[in-house]
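One letter stands for each residue in the lines below.
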Amino acid sequence: MPARSIVLAGADERDLTKFDEYRAAGGFSALAKARAMEPQAVIDEVLASSLRGRGGAFFATGRKASFIPKPDQTPKPIYLVINADESEPGTFKDREIMLRVPHRFLEGALITAHAIQSKNVFIYIRGEYLAEFEVLRAALDEIRAADLLAGVTVVLHRGAGAYICGEETALLESLEGKRGQPRSKPPFPAISGVYASPTLVNNVETIATVTPIIEMGGAEYAKIGPQDSTGSRVFSLSGNVANGGNYELENGTTLRELIYDFGGGIPNGRELKAVIPGGSSVPVLTPDQIDTPLSYDALAEAGTMFGSGAIIVIDDRACMVQLGLRVAQFYMHESCGKCTPCREGTRWMVQILHKIEDGDASQADLDLLLDVCDRILGKCLCPLGDAAAMPVASYIDRFRDEFQAHLDGGCPMDGASSLDNLFAPVDQHHHDPVPDGAPA
Amino acid sequence: MSTPETVKLTIDGREVEVPKGTGLVETAAFAGVEIPVFCYEPRLGPPVGACRMCLVEVDGIPKLQAGCTLTAQDGMVVRTAAESEKAAEGQNATLEFILVNHPLDCPVCDKGGECPLQDLTFRYGPGQTRMTFPKRTFDKPIPISPTIALDRERCILCYRCTRFSESVAEDGQLVARNRGAMSMITTFENEPYRAPFSGNVIELCPVGALTSTQYRFEARPWEIQNVPTVCGLCPVGCNISATTREGKVKRILSRNHPEVDMGWLCDKGRFAYPHLYAEDRIATPLERVRRRGFGEISWDDALDRAEALLRGAGGRIVTALSGSETVEQAYALGRLLREGLGAHSAVLPEATSSALDAFRAPLSTIGHAKLVAVIGEERVADRAPIVELWIKQARRNGGEVIEQAEATLDPELESRLRASDSAVLIWSGRGGGGGARLAELAHSLGFDGKPGCAAFQLPATPNGRGVAEAWAAAADGDEENPEPIGLLIVSGDEAASDPAVRALAEKAEHVIALTMYQGLALGWADLVLPGTSYLERDGSFVNLEGRVQRLRRSVIPPVPDELAWISKLAERFGVELSPHASLVFAELSGRVATTLSFGEVGERAPLAARTPYEAPAPASSPASPPAADTPEHFLGNLRLLRYRPLFSGPAVERVPELRFQRPAAEVELAYDDAQRRQIANGDPVTVRSNGTSVELLARVSRALTAGTVRVAEEHAADLHRDVEVVRSP
Amino acid sequence: MSALYDEIRDLVALYPEARSATLPALRLAQERYGWLSPEAFREVAEGLGETPAYCMAVASFYDMFHLEPIGTHLVEVCTNVSCALIGAQQVLEAFESGLGVHAGETTPDGNVTLRTVECAGGCGYGTVVVVDHRYREHLKAEDVPAIVEELRAG
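About the cut-offs
- Residues numbered from 1 in each chain as written.
- Chains lettered and ligands numbered in written order.
- Predicted model: local features only at pLDDT ≥ 70, side-chain atom pairs only at ≥ 80, totals over all residues.
- Heavy atoms only, no water.
- Helix = DSSP H or I, 4+ residues; strand = E, 2+ residues; numbered from the N terminus.
- Buried < 20%, exposed > 50% of the residue type's maximum accessible area, 1.4 Å probe, protein only.
- Contact = heavy atoms within 4.5 Å.
- Buried area = accessible area lost by both parts, 1.4 Å probe.
- Salt bridge = Lys/Arg side-chain N within 4 Å of Asp/Glu carboxyl O.
- Pairing = 2+ DSSP bridges.
- Axes fitted to C-alpha atoms, helices over the stretch in contact; angles between N-to-C directions.
- Parallel < 35°, antiparallel > 145°, perpendicular 65-115°, else oblique.
- Left-handed = near helix turned anticlockwise from the far one by under 90°.
- Nonpolar A, V, L, I, M, F, W, Y, C, P; charged D, E, K, R; others polar.
- Expected span 1.5 Å × (residues − 1).
- Polar contact = N/O pair within 3.5 Å; in protein donor to acceptor, adjacent residues only side chain to side chain.
- Phe/Tyr/Trp six-rings, centres within 6.5 Å; stacked < 30°, edge-to-face > 60°.
- Domains from an automatic or database assignment.
- pLDDT = per-residue confidence, 0-100.

**Student:** An account of the overall build of chain C is needed here, citing residue identities and associated values.
**Tutor:** Regarding its fold elements, chain C presents seven helices and four strands. Each helix and strand of chain C, placed in order from N terminus to C terminus, yields the pattern α-α-α-α-β-α-α-β-β-β-α. Its C-alpha atoms give chain C principal-axis dimensions of roughly 50 × 35 × 20 Å. Of all 154 residues assigned to chain C, the portion counted as buried reaches 61%.

Put into structure tokens, the structure is as follows:
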């Protein structure tokens, strides 16, 4: 299947970071078109497109927008908050979108604001994305200077380094100036979001896709890709692959096509061992599954998830136990600490995985690890707990032999693994000595 | 069949009908089913669903739900751990995760025996541990203040304490630091948690992480008795339980009267009980003896001496009351002095009035008022701390709170108050005739007949009104203001430490003092009779709502109860008086704020209904002693507000753990005034008034009105009303 | 009045509620003073109308705020999955030996703080190293000495 340039259309041919170039390429025509439409009509176009959220939850975007009360139904201001907190390991597509087509993205924000009749837009961008922030700020200034804001306030708000702030309610808490801990739902942000007001939260790519959808019409967009996942997606490819990068492809493209046709396959004469198809939070797939199409239903059927659209390729130099440990360390580091199972469970997982990796574990320890994962699953306040438990459980499930081998005397790769002795951020907390079993 | 106002649902197979909007935890309790919780506490705000203890299964929803976040819905079918294996597994998992890093401290932990974690582990948790790794450790316990100890290892991070600090007390001092498994509860830079309500976190904490340093290792729950009584240190009258062991008070807990205190206590009421055991507490009567100072005498001799002094005064007797006597005590004194001796003159620190009975309402009315106007120069938290919490709640609930120092309201505010059906006036300052002026104002604003509109005056004494009315009820007869005073009777520690009363004592020929402590009256009294504390008395108090509440003796005092010897003394003057509080109250019933009998007042006293407004008669209550201020000629540029801080008074002064809460030697300056004088926060300054000056440290405040400065009474010495403030050289 | 007060009030003006300016205000203070000391928290608190404890509690939640002094330069090596698979640990070790410190430490001359971070968002272009908030991509262990030299030269 060929690449499909919709969100990133024209970015290879022109420098679309320049306002005039973007305009010359047809930019802001969608905005004019949308503003000439009734707000509900804009929502209808998005509904017709069957666009689903590109952040990872994949919720129908048009439907989400229709949950927002109309101005005559609420005394409070209506907010559009854009989630640019991209922090899911393996994912770097929103970064590329903001860097290369900033005006298209901002145009989508203004179109969406019009659709939900909001005059207040916040873009929450992860603190580490400094260059992207600067590009957006410049683009926003140009849009303001060109008098295209039409009374809408757009605030660029930088985060400060917390993966959990990518969860929409935690993002709202952080935007309100607090520790970024998720909220219980209900109430949903559509009713009570930022400042207890109706709020629509959408991912960068989702918003950037609204612009071409209005341009071509929702029905046209719906013709692209499979029905359960219409359109294209900017897939982030990384890991043991020759050409890592972002590739905008039609949904339904298979993993094989992405990895081998676009990604150039596995370098250095290595073999494919595993694929993480949707960011580190999703269960792993094995090489026999790489003909799975990249779409919501197909990946669900394969026992994993579409997730953030990040494909991480793992070759046979990687020890899956060490991978499990590194992934668990990530979630332990990023756990917000609000709910018991995630806070205590992710740490316990790390402790057990260290023991397994060190070759000191018994069968009971492995069974315990699976039970801990099971006890976290479905019990937490937000999806982070599941995001830790599900992948690790899947590594044990799909690579059982490797875990068993560790029980019988340590890592069979004996130091040759690409992930050997990996130093994770959790290992460097110095204001609180936490004996978590990590090697000194 | 459910009505429009109720919903019907099923919990563990039991059908239950509850009002719409009822939370699921309460609904289950109503049905006799327990949904266990840790972080859930409605008084802290909306539920957060953090601890995951309350996981239940709801038909139609595949995932377990946090029961505390759910509201009862029509037709809902809920199964708890009792009926659902999935829920039982979920709750078991939560407890296992909590216990994974929880230390095995039960044998040395004060919470043991009254610990929700212990109890819930027994009921829903695992019987054995599977944790073989080192648990996370912290230095412990850490004193986060002289009164509260923090054990971070025991902490289960339910965030009740931080939510209290942020959303109830709004002091923002107790916070969570770091993230995830590294999270810990702390204050800023190990500074003490210094705030009037900090002690509530001890009761909120469901484990032994936040404990009282006073109570550390003092008792186990099966060794104690909790006596239900009422705090007597301020006019709110929070309902408390006095925990006693072997005849001594060991701690004070809240007893939660939803209309009065909502289950909160201020740190003074909670931590001041050691005043009962102060070193300088008087155990026997003392008589002044020439050259030797003071000598102990027997009670018989003391009563003889008292009788002699009373008779010898030739009727020129004045009684200085504290306003912290019980109603019964004041009545007994009144019967003795007024009936027995015709000595009708009494002084109280403030005027009192029953005029506000026309606008009375429970304090909880403030919490959901749409408009609250706080008038006066004194901080609410200094006079009636819990009222400050109610005001904060009003603001959080979307009400508007207007605070102003001036007594007159501007026309716009007046018209808003007049138009509202949910407005509260609060007078927090001196003067006002005990509420008579406020009642006039409320009446003119049309508060009569509007149950959502109420007015409260914050007195300076805990039971001033009760004392005044009891004294008035004791006999008929007018005050004479004898000149010179033949005998001054000083009743209570507050009177004994009041400079105005001291000034009177200096002019009196003789003085009898009723006081708990040596330091207060020795040196200027002829006879000192040992007093008791509110914790040692049966009796009643009338709080600022006009609610009569019953004190219950929690421990036997080391000295006779006042009623006991007053009745004996009264006999000698032909006055028959029972030594039992209940019988005295019966005599009084109907004449002091209520018509209820002593037994009917009950453990959570009701508030009597409003009486029709009557413009108060002039001068119907004991007069205040003459003001200490004299007119001055020096015109400084700043007006001094002397205030009595919450943490002051003879009881608080005798509790070392509370010393840190007492005000520093500071003068509070408004930001603009400080700027103009080039004074920075913390600078040493000289505060000057006519003929006197005091050295203090400057505390610059953005909240203070320009042109005023505030100094705590105990640091203000002889400063007059108009002062100037300059940087010390 | 603190030096930052007016600037923080300007930040507060951008939002419907003052508290929302907390992260920007903390960032401002950190950029001005190098790290968030207790005094910095007091200043930020005054500007926002919050308590220092509150500001500290918020700052400590986020990885980009430093509650202890750091070096003049900050080197952050991503060791999350994608970068790890292609040699991030070797890049880290090259920095450790080149700078003479372990990850999490600052060089004795106070010039460079080295630490590892979680996914920086450059996964297909790894290994990603963020030097003074600017991304360097496609780094291998052999590229490290030049960067170490660059930092030494200031």
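Right, picking up where we left off after that structure.
**Student:** Please provide a residue-by-residue account of the interface of chain A and chain B, values included.
**Tutor:** Counting from both sides, the interface comprises 39 residues of chain A and, opposite them, 39 residues of chain B. It is Trp-348, Arg-375 and Lys-379 of chain A in chain A that bury the most area against chain B; as a group they hold 21% of the surface buried on that side. Our count for the contact surface shared by chain A and chain B stands at four salt bridges. Between Asp-371 of chain A and Arg-130 of chain B there is a salt bridge; the shortest N-O distance is 2.7 Å. At the level of elements, helix H13 (320-334), helix H14 (340-357) and helix H15 (363-376) of chain A are the ones that each hand at least two residues to the side of chain A that touches chain B.

**Student:** For the sheet that holds strand S6 (residues 245-250) of chain A, give the residues involved together with the corresponding values.
**Tutor:** All names here are of chain A. Taken in spatial order, the four strands line up as S6-S5-S8-S7 in an open sheet, and their pairing is mixed. The sheet is open, and its two edges are formed by S6 and strand S7 (272-276), each paired on a single side. Averaged over neighbouring strand pairs, the angle between their axes works out to 30 degrees when direction is ignored. Taken together, the four bridges between strand S5 (residues 232-239) and strand S8 (residues 310-315) define a ladder with parallel strand orientation. Bridge pairing links Ser-238 to Ile-312 in S8.

**Student:** Give me the environment of Val-282 of chain A: which residues, what numbers.
**Tutor:** All names here are of chain A. The residue Val-282 is located in the loop between S7 and helix H12 (296-301) in this model. On the basis of relative accessible area, Val-282 is assigned to the buried category, the value being 2%. Linking Val-282 and Thr-112, residues 170 residues apart in sequence, is a C-alpha distance of 29 Å.

**Student:** Help me get a handle on the interface of chain A and chain C, residues and values and all.
**Tutor:** Taken residue by residue, the interface counts 66 residues in chain A and 46 residues in chain C. With both sides pooled, the region where chain A packs onto chain C buries about 4,300 Å², and carbon together with sulfur makes up 54% of that total. Looking at the side of chain A facing chain C, the largest losses of area belong to Ala-160, Arg-179 and Tyr-195 of chain A, adding up to 13% of the total buried there. Where chain A meets chain C, there are three salt bridges. Between Arg-134 of chain C and Glu-134 of chain A there is a salt bridge, and its shortest N-O distance comes to 2.9 Å.

**Student:** Mind laying out the packing of helix H2 (residues 22-33) of chain C against helix H3 (residues 38-48) of chain C, listing which residues take part and the relevant values?
**Tutor:** Relative placement of two packed helices is described by the angle separating their axes and the distance separating the axes. Residues and elements named next belong to chain C. Put simply, H2 and H3 touch, their axes get as near as 10 Å, and they point 140 degrees apart. Judged by the angle between their axes, H2 and H3 are oblique. For the element pair H2 and H3, the recorded crossing hand is right-handed. Listed contacts from H3 to Thr-22, Ala-25, Leu-26, Ala-29 and Tyr-33 of H2 are Ala-40, Phe-41, Glu-43, Val-44 and Leu-48. Here the residues of the contact of H2 with H3 are counted per class, giving eight nonpolar, one polar and one charged.

**Student:** Any chance you could break down the sheet that holds strand S2 (residues 120-125) of chain A for me, citing the residues and the numbers?
**Tutor:** Residues and elements named next belong to chain A. If you walk across this open sheet you meet the four strands as S3-S2-S1-S4, and the pairing is parallel. Single-partner strands in this sheet number two, and they are strand S3 (153-158) and strand S4 (199-203). Averaged over all adjacent pairs, the angle separating strand axes in this sheet is 20 degrees, with direction ignored. In this structure, strand S1 (residues 79-84) lies alongside S4, joined through five bridges in parallel fashion. Paired with Asn-83 across the strands is Asn-203, a residue of S4.

**Student:** Could you give me a rundown of helix H9 (residues 204-216) of chain A, with the residues and numbers involved?
**Tutor:** Residues and elements named next belong to chain A. Its 13 residues give H9 an end-to-end C-alpha distance of 19 Å, which sits within 8% of 18 Å, the value for a rise of 1.5 Å per residue. Of all the 13 residues making up H9, eleven are buried; the element is thus mostly covered by neighbouring parts of the structure. Restricting attention to buried positions, one finds in H9 the residues Val-204, Glu-205, Thr-206, Ile-207, Ala-208, Thr-209, Val-210, Thr-211, Pro-212, Ile-213 and Ile-214. Taking the backbone nitrogen of Glu-205 as reference, a side-chain oxygen 2.7 Å away marks Asn-203 as the first, capping residue of H9. Following H9 by one or two positions, Gly-217 has its phi on the positive side, about 95 degrees.

**Student:** Residues and numbers for the side chain of Ser-578 of chain B, please.
**Tutor:** Residues and elements named next belong to chain B. Within the fold, Ser-578 resides in the loop between helix H18 (562-571) and helix H19 (581-588). Within the structure, the side chain of Ser-578 is placed 2.9 Å from the backbone nitrogen of His-580, a separation counted as a polar contact. Setting aside its immediate chain neighbours within four residues, Ser-578 contacts Ser-567, Leu-583 and Val-584.

**Student:** Pulling in residues and values, what's your account of the packing of aromatic side chains?
**Tutor:** For the coordinates displayed, the defined rule picks out 23 aromatic pairs over all chains. Residues Phe-122 of chain A and Tyr-195 of chain A carry aromatic rings whose centres are separated by 6.3 Å and whose planes lie at 65 degrees to one another, so their mutual orientation is edge-to-face. Residue Phe-122 of chain A is found in strand S2, and its partner Tyr-195 of chain A is found in the loop between helix H8 (168-175) and S4; the two are separated by 73 residues along the sequence. Each member of the pair Phe-122 of chain A and Tyr-195 of chain A is classed as buried. On the basis of an interplanar angle of 70 degrees and a centroid distance of 5.1 Å, the ring pair of Phe-61 of chain C and Tyr-62 of chain C is categorised as edge-to-face. When sorted by exposure, Phe-61 of chain C lands in the same class as Tyr-62 of chain C, which is buried.

**Student:** Could you give an account of helix H16 (residues 384-398) of chain A, with specific residues and numbers?
**Tutor:** Residue and element names in this part refer to chain A. Taking 1.5 Å as the rise per residue, H16 with 15 residues should run 21 Å; its terminal C-alpha atoms sit 22 Å apart, in good agreement. Extensive coverage of H16 is indicated by the burial of eleven of its 15 residues. Of all the residues in H16, the buried ones are Leu-384, Gly-385, Asp-386, Ala-387, Ala-388, Ala-389, Pro-391, Val-392, Ser-394, Tyr-395 and Ile-396. Structurally, H16 contributes buried residues whose contacts are with S7, H13, H14, H15 and helix H17 (400-407).

**Student:** Give a detailed account of the domain arrangement of chain C, specifying residues and quantitative values.
**Tutor:** Per the domain assignment, the segments making up chain C are domain 1 (5-59) and domain 2 (73-153). Here domain 1 of chain C and domain 2 of chain C have C-alpha centroids that lie 29 Å from each other.

**Student:** Describe the environment of Ile-82 of chain A, naming the residues involved and giving the relevant values.
**Tutor:** Residues and elements named next belong to chain A. The residue Ile-82 is located in strand S1 in this model. Sequence separation of Ile-82 and Asp-420 is 338 residues, and the distance between their C-alpha atoms is 38 Å. Those residues in contact with Ile-82 that sit more than four places away from it in its chain are Phe-105, Ala-109, Val-121, Phe-122, Ile-123, Tyr-124, Asn-202, Asn-203, Val-204 and Ile-207.

**Student:** Run through the pattern of salt bridges, naming residues and quoting values.
**Tutor:** Evaluation of the coordinates by the stated rule reveals 94 salt bridges over all chains. A salt bridge links Glu-15 of chain B to Lys-8 of chain B, with the nearest nitrogen and oxygen atoms 3.9 Å apart. You can call Glu-15 of chain B exposed: its relative accessible area is 60%. For Lys-8 of chain B, a relative accessible area of 27% corresponds to the partly exposed category. Two residues, Lys-140 of chain B and Glu-153 of chain B, come together in a salt bridge whose shortest N-O distance is 3.2 Å. Taken together, the residues Lys-140 of chain B in the loop between helix H3 (116-124) and strand S6 (142-143) and Glu-153 of chain B in the loop between strand S7 (148-150) and helix H4 (160-167) connect sequence positions 13 residues apart. The exposure class of Lys-140 of chain B is partly exposed, given its relative accessible area of 30%. For Glu-153 of chain B, a relative accessible area of 11% translates into the label buried. One salt-bridge network, held together by shared partners, links Asp-371 and Arg-375 of chain A together with Glu-89, Glu-96 and Arg-130 of chain B.

**Student:** Residues and numbers for the confidence of the model for chain C, please.
**Tutor:** Note that predicted coordinates carrying low pLDDT should not be read in detail. Of the residues in chain C, 99% reach a pLDDT of 70 or more, and the chain-wide mean stands at 96. Interface scoring of the predicted complex returns ipTM 0.97; its pTM is 0.95.

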